Amino acid sequence: MNGSVKRNAGGWFASLYAIVLVLIGLVLFAGGVMLAKLGGSWYYLIAGALLVVSGVLTYRRRFAGIWLFALGFVGTLIWAYWEVGAQFWPLVPRLAPWIALALVAALIAPTFRPSARATSWLMAIVLAIAGAVGFAQMFSEHGVIEGTRQLAAVPVADAQAQRNERWQYYGRTLDGHRFAPFDQINKGNVDKLQVAWTFRTGDVAGKGAEDQTTPTQIGDNVYVCTPYGKVFSLDADSGKERWRFDSREPDSKLWNRCRGVAYYDAREFAQAHPENATAQAAASAPTCAQRLFLGTTDARLIALDSATGQPCSGFGNNGSVDLKVGMGLVQPFYYMTTSENTVIGNRVLVGGWVQDGASVDEPSGVIRAFSADTGELLWAWDPDNPNITLLPPPGETYSRTTPNMWSTPAYDAKLDWAFLPMGGQTPDFFGGFRRPGSDEFGSSVVAIDMNTGKVQWHFQTTHHDLWDYDVPSQPALVDMPDASGRMVPAVVQLTKRGQIFALDRATGQPIAEVVEKPAPTNVVKGDRVSPTQPFSVGMPQIGNEPLSEKSMWGATFFDQLYCRIQFRRMRYDGEFTLASEQQVNLQFPGNYGGFNWGSAAVDQQNDILYAGSMRMPLWGQYIPRAVADDPNAPGGHDGLHVMAGTPFGYRKGMFMSPLGVPCHAPPYGQLTAVDLKNRKILWQKPMGTVADTVLPFGFKAKLPFAIGMPVMGGPMATASGLVFFAGTYDYYLRAIDGATGKELWKGRLPVGAQATPMTYVSPQSGRQFVVIAAGGARQSPDRGDYIVAFALPQGAAP
C-alpha cells in the first residue's frame, strides 16, 4: 500500500516535471526558430525540440524521455564548452538550468525503472554536488589576472613633513596621480581600519543629481561640496562643521554634480612672485588671502574665504564671476561646471559641461583662465575661432556648440602647459554640421600654454566623434620609456573607448604605438565619417573586446536567448558601429566607458597605473524629427537626444534583458594595474558584487556574488602599496594590494559611493585618514549625504 502511494505521488511529480519540460522546450524552440532565421545559433531550436519530445515521453512514463533528456544535457555540455570554454559566468545560464532539471530527472527516474535506482541516486548526488560547487563559485572572483611583482619601497617624508602635506587638487597634485606619500596605513594594519567620523551635509541627491565630490584638504580643514552647490569646512580630526556656504544654485533635475572645490593661497603665490601686484594686494587683504573656488549649475565661479566661507568681495562682482558672459544665449542648465576648477599659479582654469544632445545651437565650450586674485579674464581659447583670445568683439559671441572640457586638466610646471581632456561636440550622435575647428579638437588631448592660452599640440583619440566618446579622464603626467627605452616625460590618457594613449608631453606624438584602422563608413545622408580611427596597440586595451552572439548573457537561458535574438537584430560592426534610422545599433564600449571621469592613480616609483573601467553596451537609433520634437517625449542624458537642427533625434539605452540583467557576460566593472615600463597588464580583477543591487522585483540580491559591477569613481594609491577604491554598486570602500590585486580590507558604507577617495595626515593628531563621499551608488535608490572618514584606532598608528 505505502509503495503504491509513493509511486502515485512520484507519478504526479513526474507529470508536473514533464509539463515543465514541454513548456520550456516550446519557448526555447520558438525563440530558437527566430534566432536561426536571423543567422544565429541552431542550439536553442534543437534543444527546445528535444525538451518537448523528452517531456512528452516522460509524461507517458517512457524511460526514453529520461535518456533523451540526458542526451540533450551532454550535448549542452559540449556546446557550452565549444562556445565559451571554461569561463565561469558565461557557463552559468547555459548549464545551471540543465543541472537543476537533470537533478529532478535523476530523482524521478526510479519511478519509471526501479532497477535504475542506484544509478539515479548516484547521478542525483553528483548533480547536487555540481550545483553546490557552482553556487559557491558565484561568491568567488573570476577572470582574475593575478599580480606577481614585488613593489619597491616608496620613500616617504618624516612624520612632521607628512602632516604638512595637502590634498590640494582633484588628483592631489596637478600631475593627476592620486598618489599619497603616506605609509601609516599599510598592508599589515589596513584590516584594522574603522570609521573615525561621519558628517552629513543634509543634501541628499535627488533626480538628476549625483554626489561625486573628492574632498580638498588644507591643514586641519577638509572642504567638501554637494551636488546642490553647498560648501562645508570640516575639522580634519573630528569631522565637525566649522562653516557652510550655500550658493543657492538652482536644481537642474538633470545633471547636478560638484566633484570638488579648488584652493588658492595668495600669500604663498605672492611670496614666490613679489613682482605680481594683484597677488600682493590679495595677500595683504584682511580676508580671502586663502580662498576656495566653486562652480555652479547656473554658470557662476564663486570665490570663498577658506577661513569663514564668506564670498570674497574683491573677486569679480562681489565674489562671483558670471561664466555666461560672451556666450550669447545660454538656456538654463545648458552650460555649467561639474568638475573641480583647477588653480594653476594665480590662474583659475575653467572649462564647462555643455548639455548633451539638445541642439546644434548651444553655448560654446570655450576654455578660459581667470585671475584667482581679481576674477579678471586673462585669456580664452575658442576651438573654432582662435582669433578670440579674451572676450568676443561687441555684438559677437564665442563660437557656438564647440567641443568642451567638462573633466579635469593636468599641468606641467616646467613647460607651463595644461593638458586638456576635451569632450566631443554636441549633439553627440550627428556631426554633419560641424565646423573644421570643432572636428579638429573634439575628443582630443590638447596641450595649451597657461600664460597665453595658445595651443601647443593636440592629439585626437576619436575622429569626427559620432559616439559620445569624450576624453573623460584627467591626463596622468608620468615618466615612461619610449620604444628605444629612453625615459620620456609623457601624457597617459584614458578614454571611454578603453584605449590608453601614451604621448610625448613635449610634442604630442605617441610613444606607444598607435595605428589607424579602417572603420565603418555606412553613415546616414547629411553626415560624414572618418574612414579610419586610432587604436593604441602599444598599450593594453581594456573592456573593449568585440561582442558576438556568444557574448550574450542572461540570468536564465530564456533571457540569454532573448539577448541573442536582439543582438542578431541589431546593427553591430564593432566599436565604431554607425547609427541609422532603419535599424537599432549596438555601441560597445558605451558612452560611459571604458574609462570615465574617475581617472587613474599612478605609483611613479614602481611605474604602475591603476584604473577602474566598465563594460556596458548601449543600444541606439535615429528617430524621425517629428517624434524627437514631440514635447511629451521623454528626454534627458540617458533617453532621448532631441538634437534640434539635425535631421533626426536619437534614442538610446542600456542593452538589458527583460529581467533587467545586462545582455552581455560579466564582468561589468574592473580594476586594472598597468605596468608602464613593459606596457602590459600587471593585474586585473572584477570590482563589486550584486549584494546591494535592487533586482527587477524590487528586493536586493543580498548575496555577494562577485560578478564585477559597473564602476563610477576613481582609485587612490599610497606609498604603502595600497590602492583604495569605492565606486562600485555595493556599499564598500576597499583596500587592494597594489602589487597583486588582492583585496585586503573593505569597510561598509551607509550607502554606495561614486566618488574617488582621498587621504591625509592630520596636522594636529598625526593620524592618517581615508575619506570618501557616500551619496548613493549609480542606479541605486538608496541615497545619502555622508562624508565618511576611516582611520586606525587611536594609538594604533606606528
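Residues numbered from 1 in each chain as written. Predicted model: local features only at pLDDT ≥ 70, side-chain atom pairs only at ≥ 80, totals over all residues. Heavy atoms only, no water.

1. So, the side chain of Thr-401
What counts, and what does not: Think of it this way: any DSSP run of H or I at least four residues long counts as a helix, any run of E at least two long counts as a strand, and we number them from the N terminus. Buried means the residue's accessible area, taken with a 1.4 Å probe over protein chains only, is under 20% of the maximum for its type, while exposed means over 50%, and partly exposed covers the values in between. Polar contacts here mean pairs of N or O atoms no more than 3.5 Å apart (in protein, one a potential hydrogen donor and the other a potential acceptor; neighbouring residues in sequence count only if both atoms are side-chain atoms). We call two residues in contact whenever any of their non-hydrogen atoms come within 4.5 Å of each other.
Looking at the secondary structure, you find Thr-401 in the loop between strand E16 (377-381) and strand E17 (410-412). In this structure Thr-401 comes out as buried when scored by relative accessible area, which is 0%. In terms of polar contacts, Thr-401 uses its side chain to reach the backbone amide nitrogen of Glu-362, at 2.8 Å. Discounting chain neighbours no more than four positions away, the residues touching Thr-401 are Ser-359, Val-360, Asp-361, Glu-362, Pro-363, Ser-364, Gln-425, Thr-426, Phe-433, Arg-435 and Ser-438.

2. Considering the sheet that holds E16
Paired through their backbone hydrogen bonds, the strands of a sheet run either parallel or antiparallel. The test is simple: When DSSP finds two or more bridges between a pair of strands, those strands are recorded as paired. Interaxial angle, 0 to 180 degrees, is taken between N-to-C directions of lines fitted to C-alpha atoms, where a helix line uses only the stretch in contact.
Strand order in the open sheet formed by four strands is E12-E13-E15-E16, and the pairing between neighbours is antiparallel. Edge positions in the sheet fall to strand E12 (342-344) and E16, since each has one partner strand and no second. Averaged over neighbouring strand pairs, the angle between their axes works out to 20° when direction is ignored. Where strand E15 (residues 367-371) and E16 come together, four bridges link them in antiparallel fashion. In the sheet register, Ile-367 faces E16, and the bridge partner there is Trp-381.

3. Side note on the packing of aromatic side chains
For any pair of aromatic rings, the description consists of the separation of the ring centres together with the inter-plane angle of the planes. In plain terms, the rule: By convention, a stacked pair of Phe, Tyr or Trp rings (six-membered ring in the case of Trp) has centres within 6.5 Å and planes under 30 degrees apart, an edge-to-face pair has planes over 60 apart, and any other such pair is tilted.
Applying the stated criterion across every chain yields a total of 31 aromatic pairs. Ring plane angle 0° and centroid distance 6.4 Å describe the contact between Phe-73 and Trp-98, whose orientation is recorded as stacked. One end of the pair, Phe-73, is in helix H3 (residues 64-84); the other, Trp-98, is in helix H4 (residues 88-112), with 25 residues separating them in the sequence. Both residues of the pair, Phe-73 and Trp-98, count as buried.

4. Remarks on the pattern of salt bridges
A side chain with one charge may pair with a side chain of the opposite charge, provided their charged atoms come close. Short version of the rule: What counts as a salt bridge is simple: a side-chain nitrogen of Lys or Arg found within 4 Å of a carboxyl oxygen of Asp or Glu.
Following the criterion strictly, the structure yields 37 salt bridges and no others. Here Asp-322 ties to Lys-324 by a salt bridge, and the two come within 3.1 Å at their closest N and O atoms. Since its relative accessible area comes to 36%, Asp-322 is described here as partly exposed. Its salt-bridge partner being Asp-412, residue Arg-505 comes within 2.7 Å of it at the nearest N-O pair. Within this pair, whereas Arg-505 is found in the loop between strand E23 (500-504) and strand E24 (515-518), its partner Asp-412 is found in strand E17, the two being separated by 93 residues in sequence. As far as burial versus exposure is concerned, Arg-505 and Asp-412 are alike and both buried. When salt bridges with common partners are traced through the structure, they connect Glu-83, Arg-94, Glu-549, Arg-564 and Arg-568 into a single cluster.

5. Considerations on H4
Residues spaced three or four apart along an α-helix face the same direction, because each turn holds 3.6 residues. Short version of the rule: Helix span is expected to be 1.5 Å times the residue number reduced by one. The angle between axes fitted to the seven residues ending at a residue and the seven residues starting there is what we call the bend at that residue.
Compared with the 36 Å implied by 1.5 Å per residue over 25 residues, the 34 Å span of H4 between its first and last C-alpha is a close match. Roughly 40° is the biggest bend found in H4, and it falls at Arg-94, with proline Pro-97 one to four residues downstream. Within H4, 19 of the 25 residues are buried, which leaves it mostly tucked inside the rest of the structure.

6. Re the layout of surface pockets
The line we're drawing: Lining residues are those with an atom within 4 Å of a point, where the points come from a 1 Å grid over the protein atoms alone and group into cavities, where a 1.4 Å probe fits but cannot get out, or pockets, open sets with protein on both sides within 12 Å along at least five of seven lines. Grid points are joined across faces, edges and corners, and a volume is the space filled by probe spheres set on the points. Residues are sorted three ways: Asp, Glu, Lys and Arg are charged, Ala, Val, Leu, Ile, Met, Phe, Trp, Tyr, Cys and Pro are nonpolar, and all the rest, Gly among them, are polar.
Within this model, the largest pocket holds a volume of roughly 1,000 Å³. Forming the walls of the largest pocket are 40 residues, and the residues nearest its centre are Gly-660, Val-661, Pro-662, Thr-693 and Leu-695. Broken down by element, the residue count for the lining of the largest pocket peaks at five residues, all from H4. Split by residue class, the lining of the largest pocket holds 33 nonpolar, five polar and two charged. When its volume is computed, the second largest pocket comes out at roughly 510 Å³. Lining the second largest pocket are 27 residues, with Gln-87, Arg-615, Ala-665, Pro-666 and Pro-667 sitting closest to its centre.

7. Examining unusual backbone geometry
Each neighbour pair has its own omega, and for Gly-593 with Gly-594 the value is 10°, a cis peptide bond. Tracing the backbone through its elements, the reader meets Gly-594 in the loop between strand E26 (585-587) and strand E27 (600-603). The omega angle of the peptide bond from Pro-666 to Pro-667 is 5°, so this bond is cis rather than trans. When you line up the elements, Pro-667 lands in the loop between strand E31 (648-654) and strand E32 (669-675). Positive phi is not limited to glycine here, since Ala-299 has a value of about 65°. Locating Ala-299 in the fold gives a position in the loop between strand E8 (290-295) and strand E9 (300-305). Even without being a glycine, Ser-599 presents a positive backbone phi close to 65°. For Ser-599, a relative accessible area of 4% gives the class buried.

8. Focus on the packing of helix H2 (residues 43-59) against H3
Selection rule: Roughly parallel covers angles under 35 degrees, roughly antiparallel covers those over 145, roughly perpendicular covers 65 to 115, and oblique covers all other angles. Rotating anticlockwise by less than a right angle from the far helix to the near helix defines a left-handed crossing, while the corresponding clockwise rotation defines a right-handed one.
At a closest axis distance of 7 Å, the pairing of H2 and H3 adopts a crossing angle of 160°. Here H2 is positioned roughly antiparallel relative to H3, judged by the angle of their axes. Pair H2 / H3 crosses with left-handed handedness. Between H2, through Tyr-43, Tyr-44, Leu-50, Leu-51, Val-53, Ser-54, Leu-57 and Thr-58, and H3, the contact on the second element is made entirely by Ala-64, Gly-65, Ile-66, Leu-68, Phe-69, Gly-72, Thr-76 and Trp-79.

9. Here we look at a nonpolar patch on the surface
Let me state the cut-off plainly: Think of a patch as exposed residues, more than 30% relative accessible area, with no salt bridge, where like charges cluster within 9 Å and nonpolar side chains (Val, Leu, Ile, Met, Phe, Trp, Tyr) cluster within 5 Å. Every accessible area reported is derived by Shrake-Rupley at a probe size of 1.4 Å, with residue values counting cover from the shown protein chains alone.
Side chains of Ile-19, Leu-23, Leu-26 and Tyr-59 sit close together on the surface and give an oily, nonpolar patch of about 400 Å² of accessible area. The element contributing the most residues to the nonpolar patch is helix H1 (residues 2-37), with three residues. If you trace the backbone, Tyr-59 turns up in helix H2. Under the relative-accessibility criterion, Tyr-59 is labelled partly exposed at 46%.

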